[in-house]
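Now for the letters of each chain:
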Amino acid sequence: MSQIEVEIVIGGRSFEVACQEGEQQYLQSAAKLLDAEAAVLVGQIGRMPEPRMLLMSGLMLADKTAGLEEKLREAEDKMAGIQAELDELKNAPPPMPEKIEVPVIPSNVSDGLAELAAQAEALAGSVEEKLA
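Residues numbered from 1 in each chain as written. Predicted model: local features only at pLDDT ≥ 70, side-chain atom pairs only at ≥ 80, totals over all residues. Heavy atoms only, no water.

Undergrad: How would you explain the pairing of strand β1 (residues 3-10) if you had to name every residue and give the values?
TA: In terms of strand pairing, β1 meets strand β2 (residues 13-20) through 8 bridges, oriented antiparallel. Along β2, the bridge assignment pairs I8 with F15. Counting the residues between successive antiparallel strands, the hairpin from β1 to β2 contains 2 residues, one of them, G11, with a positive phi of roughly 60°. (Pairing = 2+ DSSP bridges. Helix = DSSP H or I, 4+ residues; strand = E, 2+ residues; numbered from the N terminus.)

Written out as structure tokens, the structure reads:
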């Protein structure tokens, strides 16, 4: 691939930078980040020598990057812990089924209740006959 010259603006100053063809968008994006940091510096301090402005802007970006990398490491560590817990749960044997006892009514009690019900119906029938 051939190299091409791209003009970028940082802190109100233009720079010609070479990059590989097809990488212009990445270079422009990086330049915008650096320019945003330079704009903060120029707004706070005012005009400063070009090397100092670039150095300070780069350091500010490096500081932000270091903070993001630390957050990324923390998130990756947390994710690894969650993944380990998930793997442990997936590989664990299934829980043993819980034993549930259902009370069973003995047949002699069922038979006795059926006999009582029949006697109650018979009594109710005879009462109705006497009242009618």
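Undergrad: Can you lay out the nonpolar core for me, pointing to particular residues and giving the numbers?
TA: General note: in soluble globular proteins, nonpolar side chains tend to be found buried as a group. Within the largest apolar cluster, 13 residues are counted, with the highest numbers of intra-cluster contacts made by V6, I8, I10, L27 and M53. Elements with a contribution of two residues or more to this core: β1, β2, α1 (24-45) and α2 (50-91). Looking at which element gives the most residues to this core, the answer is α1, with 5 residues. The residues contacting I10, other than those within four sequence positions of it, are F15, A31, L34, D35, A38, M53 and L54. (Core = buried A, V, L, I, M, F, W, Y, C linked by side-chain atoms within 4.5 Å. Buried < 20%, exposed > 50% of the residue type's maximum accessible area, 1.4 Å probe, protein only. Contact = heavy atoms within 4.5 Å.)

Undergrad: Let's hear about the environment of P106: which residues, and what values?
TA: Structurally, P106 can be placed in the loop between α2 and α3 (107-131). Using a relative accessible area of 46% as the deciding quantity, one classes P106 as partly exposed. As for P106 and R73, which are separated by 33 residues in sequence, their C-alpha atoms are 66 Å apart.

Undergrad: Go over α2, please, and point to the residues and values.
TA: For α2, built from 42 residues, the straight-helix expectation of 62 Å at 1.5 Å per residue is met to within 8% by its first-to-last C-alpha distance of 60 Å. Along α2, the positions that sit buried rather than exposed are M53, S57 and L61. Its buried side turned inward, α2 meets β1, β2 and α1. (Expected span 1.5 Å × (residues − 1).)

Undergrad: I'd like a rundown of the side chain of S57, residues and numbers included.
TA: Assignment of secondary structure puts S57 in helix α2. Taking the relative accessible area as the measure of exposure, S57 reaches 0% and is therefore buried. Beyond its immediate stretch of four places on either side in the chain, S57 contacts L34, E37, A38 and L41.

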